[in-house]
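# Coordinates in review
Chain residues, written in single-letter form:
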Amino acid sequence: EAGVAQSPRYKIIEKRQSVAFWCNPISGHATLYWYQQILGQGPKLLIQFQNNGVVDDSQLPKDRFSAERLKGVDSTLKIQPAKLEDSAVYLCASTPIHHVAWDGELFFGEGSRLTVL
Amino acid sequence: TQLLEQSPQFLSIQEGENLTVYCNSSSVFSSLQWYRQEPGEGPVLLVTVVTGGEVKKLKRLTFQFGDARKDSSLHITAAQPGDTGLYLCAGAGNTDKLIFGTGTRLQVFP
């Protein structure tokens, strides 16, 4: 079974430029998450989708970040304009179930490393 | 806001030593998960604990969920270089959101 696919793996941009990341979750997984992980820290949830609807985007900086999951499969995360503090790894994860409160497991992609100069 | 603090932040030990990583919060969680993340990879689930006081063993790793479901620990016996990585605890509360801890970076030297 193919895992969560993310691209690009690496991206270097200058501040105020824009960038987009793509995620293809495991086939059949209804729930998709985007996390931001700053070097050496734990992942911070940015947005959670259930199929093509947003479940939680309370931590998404909406003035510069946007995400969509058209057709409830692939997802894109966009940053415009980027700031220096956006340098991080952006992780996409998916799970087949809606409730992770019991024994759900998040399946992560390898991440997209963003460097903002 | 639910927060999970891990300690220590960094741990550097020799092969064969034992170690314990702690994950603490002031909030109650429905379940607590532990993930390991290697450089350039996403986190991978090690274990899920759901009952207060629960202890689970995975080979040389022992996981415990606190009685009040606010804290957890991970104990590694006879650490090996392959155990090197970033260890993350993650708590699930009354929503579907999984909150990750601050992380513990473990380095095991041969």
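Predicted model, so just to flag it, every value in this text is computed and none were measured. (Residues numbered from 1 in each chain as written. Chains lettered and ligands numbered in written order. Predicted model: local features only at pLDDT ≥ 70, side-chain atom pairs only at ≥ 80, totals over all residues. Heavy atoms only, no water.)

## Quick word on the overall build of chain B
Applicable threshold: Counting from the N terminus, the helices are the DSSP runs of H or I reaching at least four residues and the strands are the DSSP runs of E reaching at least two. This radius of gyration counts C-alpha atoms alone. The globule rule is 2.2 Å times how many residues there are, raised to the power 0.38. Throughout, exposure labels follow a simple rule: accessible area from a 1.4 Å probe, protein chains only, divided by the maximum for the residue type, with under 20% read as buried, over 50% as exposed, and the rest as partly exposed. Each accessible area is a Shrake-Rupley result for a 1.4 Å probe, and residues are judged covered by the shown protein chains and nothing else.
On a plain count of helices and strands, chain B comes out with zero helices and 11 strands. Seen in sequence order, chain B has helices and strands lined up from the N terminus as β-β-β-β-β-β-β-β-β-β-β. Relative to a compact globule of 110 residues, whose C-alpha radius of gyration would be 13 Å, chain B shows 13 Å and is just as compact. With respect to the principal axes defined by its C-alpha atoms, chain B has extents near 40 × 30 × 20 Å. A buried classification covers 49% of the 110 residues belonging to chain B. Taken as a whole, chain B presents about 5,100 Å² of accessible surface, with 50% of it coming from carbon and sulfur.

## Here we look at the state of the cysteines
Residues and elements named next belong to chain B. Stated precisely, the cut-off is as follows: Our working definition of a disulfide is a cysteine sulfur pair at a distance within 2.5 Å.
Throughout the structure, instances matching the rule amount to two disulfides over all chains. Each sulfur of the disulfide joining Cys 23 and Cys 89 lies 2.1 Å from the other. Measuring the twist about the S-S bond at about 75°, one finds the Cys 23-Cys 89 disulfide to be right-handed. Here Cys 89 lies in strand β9 (residues 85–92) and Cys 23 lies in strand β3 (residues 19–24), a separation of 66 residues in the sequence.

## Some thoughts on the interface of chain A and chain B
Note the following rule: Contact criterion: two residues are considered in contact whenever any of their non-hydrogen atoms come within 4.5 Å of each other. Just to be clear on terms, a salt bridge is a Lys or Arg side-chain nitrogen sitting within 4 Å of an Asp or Glu carboxyl oxygen. The term polar contact refers here to a pair of N or O atoms within 3.5 Å; inside protein, the definition further demands a hydrogen-donor-capable atom paired with an acceptor-capable atom, and it admits residues adjacent in sequence only when both atoms are side-chain atoms. Under the grouping applied here, Gly and all other residues not named as nonpolar or charged are polar, the nonpolar ones being Ala, Val, Leu, Ile, Met, Phe, Trp, Tyr, Cys and Pro and the charged ones Asp, Glu, Lys and Arg.
Listed as interface residues are 25 residues of chain A and, on the opposing side, 23 residues of chain B. Connecting chain A to chain B are zero salt bridges. Connecting chain A to chain B are five residue pairs in polar contact (both at pLDDT 80 or more). Only β4 (31–37) and β5 (44–50) of chain A provide two or more residues apiece to the side of chain A that touches chain B. Examining the composition of the side of chain A that touches chain B, we find that three residues originate from one element, β4(A), more than from any other. In terms of residue class, the side of chain A that touches chain B is built from 10 nonpolar, 10 polar and five charged.

## A closer look at the pattern of salt bridges
Residues and elements named next belong to chain A. Scanning all chains against the criterion turns up five salt bridges over all chains. A salt bridge links Asp 86 to Arg 64; the shortest N-O distance between them is 2.5 Å. Of the two residues, Asp 86 is situated in the loop between β8 (75–79) and β9 (88–95) and Arg 64 in the loop between β6 (53–56) and β7 (65–68); the sequence distance between them amounts to 22 residues. Neither residue differs from the other here; Asp 86 and Arg 64 are each classed as buried.

## Details of unusual backbone geometry
Glycine aside, residues mostly have negative phi, and peptide bonds are mostly found in the trans state. Of note, the bond from A:Ser7 into A:Pro8 is cis; its omega dihedral lies within 30 degrees of zero at -10°. Topologically, A:Pro8 is positioned in the loop between β1 (5–7) and β2 (10–13). Non-glycine residue A:Asn51 carries a positive phi angle of around 55°. For A:Asn51, a relative accessible area of 39% corresponds to the partly exposed category. Of note, B:Arg69 is a non-glycine position whose phi angle comes to about 60°, a positive value. Position of B:Arg69 among the secondary structure elements: in the loop between β7 (61–65) and β8 (71–76).

## A few points about the pairing of β9(B)
Residues and elements named next belong to chain B. Put simply, the rule is: If DSSP finds at least two bridges between two strands, the strands pair.
For β9, a buried count of eight out of eight residues is recorded, marking the element as mostly surrounded by other parts of the structure. Where strand β4 (residues 31–37) meets β9, seven bridges bridge the pair, whose relative direction is antiparallel. Paired with Ser 31 across the bridge in β9 is Ala 92. Sheet topology note: the β9/strand β11 (residues 104–109) ladder contains three bridges and is antiparallel. Bridge pairing in β11 places Leu 86 opposite Arg 105.

## Quick look at the sheet that holds β8(A)
Residues and elements named next belong to chain A. Note the cut-off: Angles shown run from 0 to 180 degrees and are taken between the N-to-C directions of axes, each axis being a line fitted to C-alpha atoms and, for helices, limited to the stretch in contact.
Strand order across the open sheet formed by four strands is β1-β3-β8-β7, with antiparallel pairing between neighbours. Of all strands in the sheet, those with a lone pairing partner are β1 and β7, marking the two edges. Strand after strand, the sheet turns through a mean of 15° between neighbouring axes, direction not considered. In the sheet, β1 pairs with strand β3 (residues 19–24) via three bridges, with the strands oriented antiparallel.

## Remarks on the packing of aromatic side chains
Stated formally: Note on aromatic pairs: the rings of Phe, Tyr and Trp (six-membered ring only in Trp) are paired at centre separations within 6.5 Å, and the planes decide the class, stacked below 30 degrees, edge-to-face beyond 60, tilted for the rest.
For the structure shown, the criterion picks out nine aromatic pairs over all chains. A ring pair is formed by A:Phe21 and A:Tyr90, whose centres lie 5.3 Å apart and whose planes are at 20°; its orientation type is stacked. One end of the pair, A:Phe21, is in strand β3; the other, A:Tyr90, is in strand β9, and 69 residues separate them in sequence. Neither residue differs from the other here; A:Phe21 and A:Tyr90 are each classed as buried. Judged by centre distance (5.8 Å) and plane angle (50°), the ring pair of A:Tyr35 and A:Phe108 falls under tilted. Placement of A:Tyr35 in strand β4 and of A:Phe108 in strand β10 (residues 107–108) is noted, with a sequence separation of 73 residues between them. Comparing A:Tyr35 with A:Phe108, the two get one shared label, buried. Connected via pairs of aromatic rings, a cluster forms that spans A:Tyr33, A:Tyr35, A:Phe108, B:Tyr35 and B:Phe100.

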